[in-house]
Amino acid sequence: MVDDTRTRLVESALRLLREEGLDAVTLRAVGDLTGLSRMAPYRHFADKTALLAALAVRVIVDLSAHVAGAVLEGADRRDRLRAFYTSYVEYALEHRNEYRLVFASEFLIGHHPELEGAIDDVMAALDLEAAGGPAASKAGVMALLSTAHGLAELATAGHFAKKEIGYKDVIDVLVKP
């Protein structure tokens, strides 16, 4: 059975993150927004980092759904690859706080299995079959994610605008005809 209270707490944390930023997401604030006692979140999360890890899982699910929806509309491998990069960067630009949360340094490998599992699920789903090619190696998937993440980081930091180019111009170079 899914823990409805935990889900409500994560949804409240997402709302705070979107409306007020990461600093506003505290266990007490989440409990208040959810309409629970200030101590209720502590029954579901050991600490703020555990809450943020659960929130990051929620964001990964949103990001992967956004990307998968775009990729599945592509007619051929090139279209799907372009859709992958474009939708990934668009998500990062439209949801900066959520995107930054997923890659926060407090989520050290080995400490948050739920988050690591969600990321692994996304990698498995991206098995490049969606991109029209044969199943990719782990290194191939990591290369795709690394490139998409780099594009998103540069776009959200404004580097492309500073150089007077758009991220789609860079995607065109990556996805050559």
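Keep in mind that what you see is a predicted model, and the values were worked out from it rather than measured. (Residues numbered from 1 in each chain as written. Predicted model: local features only at pLDDT ≥ 70, side-chain atom pairs only at ≥ 80, totals over all residues. Heavy atoms only, no water.)

**Q** What exactly am I supposed to notice about the overall build of the protein chain here?
**A** On a plain count of helices and strands, the protein chain comes out with nine helices and zero strands. The secondary structure elements of the protein chain, listed N-terminal to C-terminal, are α-α-α-α-α-α-α-α-α. Per-residue burial over the protein chain gives 39% buried out of 177 residues. In the protein chain, of all internal contacts separated by at least 6 residues, the share reaching a separation of at least 24 is 64%. Approximately 9800 Å² of the protein chain is accessible, and the part contributed by carbon and sulfur atoms is 55%. (Helix = DSSP H or I, 4+ residues; strand = E, 2+ residues; numbered from the N terminus. Buried < 20%, exposed > 50% of the residue type's maximum accessible area, 1.4 Å probe, protein only. Contact = heavy atoms within 4.5 Å. Areas by Shrake-Rupley, 256 points an atom, 1.4 Å probe, with all protein chains shown as cover.)

**Q** Where do I start with the environment of D62 in this structure?
**A** Its location among the elements puts D62 in helix α3 (residues 48-72). Given a relative accessible area of 24%, D62 falls into the partly exposed group. Expressed as a C-alpha distance, the spacing of D62 and E98, which sit 36 residues apart in the sequence, is 9.8 Å.

**Q** Looking at this model, I keep getting lost on helix α1 (residues 4-20). Mind explaining?
**A** An α-helical turn contains 3.6 residues, so a residue and the one three or four places further along point in the same direction. Taking 1.5 Å of rise per residue, 17 residues should cover 24 Å, and α1 covers 24 Å from first to last C-alpha, within 8% of that figure. Considered for burial, the residues of α1 that qualify are L9, V10, S12, A13, L14, L16 and L17. On its buried side, α1 packs onto α2 (27-34), α3 and α5 (96-102). Backbone geometry just after α1 places G21 at a positive phi near 95 degrees. (Expected span 1.5 Å × (residues − 1).)

**Q** Is there a simple way to think about the packing of α3 against helix α4 (residues 77-94) in this case?
**A** A pair of packed helices is captured by two measures, namely the crossing angle of their axes and the spacing between those axes. Where α3 contacts α4, the two axes come as close as 8 Å, and the packing angle between them is 145 degrees. For α3 against α4, the interelement crossing comes out right-handed. Seen from α3, the contacting residues are V59, D62, L63, H66, V67, A70 and V71; seen from α4, they are R80, A83, F84, S87, Y88, E90 and Y91. (Axes fitted to C-alpha atoms, helices over the stretch in contact; angles between N-to-C directions. Left-handed = near helix turned anticlockwise from the far one by under 90°.)

**Q** What exactly am I supposed to notice about the environment of D79 here?
**A** Along the chain, D79 falls in helix α4. A relative accessible area of 33% places D79 in the partly exposed class. In sequence terms D79 and V175 are 96 residues apart; their C-alpha atoms lie 8.6 Å from each other.

**Q** Is there a simple way to think about α2 in this case?
**A** Buried residues of α2: L27, V30, G31 and T34, and no others. Looking straight down α2, one finds its buried side chains confined to an arc of 100 degrees; they lie on one side. Looking one or two places after α2, you find G35, whose phi comes out positive at around 85 degrees. (Arc of directions from axis to C-beta.)

**Q** For this particular structure, what's the right way to read the packing of aromatic side chains?
**A** Going through the model one piece at a time under the given rule, you end up with three aromatic pairs. With 5.3 Å between their ring centres and 55 degrees between their planes, F84 and Y85 make a pair best called tilted. Y85 matches F84 in its accessibility class, with the two residues each being buried. Centroid distance Y88 to Y99: 5.8 Å. Interplanar angle 85 degrees. Geometry classified as edge-to-face. Here the residue Y88 occupies a position in helix α4, and Y99 occupies one in helix α5, the gap between them amounting to 11 residues. Among the residues examined, Y88 registers a relative accessible area of 5% and is labelled buried. Residue class for Y99 comes out buried when judged on its relative accessible area of 2%. Three or more aromatic residues link up through ring pairs in this structure, and these residues are F84, Y85, Y88 and Y99. (Phe/Tyr/Trp six-rings, centres within 6.5 Å; stacked < 30°, edge-to-face > 60°.)

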